[in-house]
Amino acid sequence: MSIVSWCHWLQNTPFATGIRQSDLFFPLIEGSHIIALSLSVGLIVVFDLRLLRVAFRGQPASLIMEQFVPFSLPGFVIMFATGVLLFISQAEKVYLNPFFRFKLAFLVLAGINASVYQVKYYPKMREWDKSGLVPWGAKLSGALSLLVWAAVIALGRTMAYEL
Ligand code: HEM
């Protein structure tokens, strides 16, 4: 079975059809996908702006990370859960949409960038934070994060237009 025919089967399951044809669930899921942006990417943006010394310059980066980033995790869970439900409800159209494929690629890039930060810069964060200087690699990670999340959101919005 090809991926396209599997997606065709998936979107025609009673569960998927139920979401797609519901006047309540589809808008509720899509609305949650949009609102959870502020709770997920929105909080990461605050930290990235601190890394780039654009905002919260007077606050240690580690303090901003402790206060904001943990709260983004439930936001990302909602983003991924609602995203998967939105996908299931119209799998064939979404799978064939080039913007969706680019969006998934940028989501993977965002994940790699965040993992590199966690492995390379987070362990020593308290040390370099005391000096008040942000390592250039951490700044680069912050700048890349801003660009990649902007791309994910733009691709998500463009995709929604086409569906
Ligand atoms: C943190 C990660 C994500 C972000 C920031 C994000 C962002 C967005 C945005 C901004 C939209 C446009 C909403 C609108 O204005 O109508 C959107 C739509 C959509 N997203 Fe995501 N998304 C994420 C993860 C996912 C995942 C993991 C999937 C599926 C596997 C997904 C599937 C979709 C679908 C199918 C739509 C179109 C909904 C429609 O029919 O209008 N998203 N996303």
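Our subject is the structure listed above.
As the structure is a computational prediction, the values presented were derived from the model and not from experiment. (Residues numbered from 1 in each chain as written. Predicted model: local features only at pLDDT ≥ 70, side-chain atom pairs only at ≥ 80, totals over all residues. Heavy atoms only, no water.)

> Can you break down the overall build of the protein chain residue by residue, with the values?
Within the protein chain, the regular secondary structure consists of 9 helices and 0 strands. The linear arrangement of helices and strands in the protein chain, starting from the amino end, is α-α-α-α-α-α-α-α-α. Judged by the C-alpha coordinates and their principal axes, the protein chain covers about 60 × 30 × 25 Å. Long-range pairs, those at least 24 residues apart, make up 77% of the contacts in the protein chain with a sequence separation of at least 6. Surface accessibility of the protein chain: about 9600 Å² in total, with carbon and sulfur atoms responsible for 73%. (Helix = DSSP H or I, 4+ residues; strand = E, 2+ residues; numbered from the N terminus. Contact = heavy atoms within 4.5 Å. Areas by Shrake-Rupley, 256 points an atom, 1.4 Å probe, with all protein chains shown as cover.)

> Tell me about the packing of helix α7 (residues 98-120) against helix α9 (residues 136-162), and please be specific about residues and values.
Interaxial distance between α7 and α9 falls to 9 Å at its minimum, and their mutual angle equals 160°. Judged by the inter-axis angle, α7 sits roughly antiparallel to α9. Note on packing geometry: the crossing formed by α7 with α9 is left-handed. By residue class, the composition of the contact of α7 with α9 is 16 nonpolar, 5 polar and 2 charged. (Axes fitted to C-alpha atoms, helices over the stretch in contact; angles between N-to-C directions. Parallel < 35°, antiparallel > 145°, perpendicular 65-115°, else oblique. Left-handed = near helix turned anticlockwise from the far one by under 90°. Nonpolar A, V, L, I, M, F, W, Y, C, P; charged D, E, K, R; others polar.)

> Account for α9, naming residues and giving values.
With 27 residues, α9 extends 39 Å between its outermost C-alpha atoms, agreeing within 8% with the 39 Å of an ideal straight helix rising 1.5 Å per residue. Those residues of α9 hidden inside the fold are in contact with α4 (41-51), α5 (61-89), α7 and α8 (125-131). (Expected span 1.5 Å × (residues − 1).)

> Which residues make up the coordination of the iron atom of the ligand, and what values go with them?
Looking at the metal site, the iron atom of the ligand is ligated by His33 (NE2) and Lys103 (NZ), spaced 1.8 to 2.1 Å from it. Geometry at the iron atom of the ligand is octahedral, judged from the 6 donor atoms that bind it and their angles of 85 to 179° at the metal. In this pair, histidine 33 is assigned in helix α3 (residues 25-39) and lysine 103 in helix α7, connecting sequence segments 70 residues apart. Both residues of the pair, histidine 33 and lysine 103, count as buried. (Donors = N, O, S within 2.8 Å, 3.2 Å for Na, K, Ca; no water. Tetrahedral: all angles 85-135°; square planar, octahedral: opposite > 155°, others 65-115°. Buried < 20%, exposed > 50% of the residue type's maximum accessible area, 1.4 Å probe, protein only.)

> Any chance you could break down the site of the ligand for me, citing the residues and the numbers?
Taken together, 26 residues sit near the ligand, with Glu30, His33, Gln90, Lys103 and Arg157 positioned nearest. Within the side chain of histidine 33, one N or O atom sits 2.9 Å away from a nitrogen atom of the ligand. Within the side chain of arginine 157, a nitrogen or oxygen atom sits 2.6 Å from an oxygen atom of the ligand. Elements with a minimum of two residues in the shell around the ligand: α3, α5, α7 and α9. (Near = heavy atom within 4 Å. Polar contact = N/O pair within 3.5 Å; in protein donor to acceptor, adjacent residues only side chain to side chain.)

> Give me the lowdown on the packing of aromatic side chains, citing residues and values where you can.
Under the criterion given, the structure shown has 6 aromatic pairs. Here tryptophan 6 and tryptophan 9 contribute two aromatic rings whose centre-to-centre distance is 6.5 Å and whose plane-to-plane angle is 35°, an arrangement assigned as tilted. Here tryptophan 9 and tryptophan 6 lie together in helix α1 (residues 3-11), a separation of 3 residues that amounts to about one turn. The class of tryptophan 6 is partly exposed, set by a relative accessible area of 37%. An aromatic cluster of at least three residues, connected via ring pairs, comprises Phe47, Tyr117 and Tyr121. The aromatic ring of tyrosine 95 is capped on one face by arginine 101, whose charged end is 4.3 Å from the ring centroid. (Phe/Tyr/Trp six-rings, centres within 6.5 Å; stacked < 30°, edge-to-face > 60°. Lys NZ or Arg CZ within 6 Å of the ring centre and 35° of its normal.)

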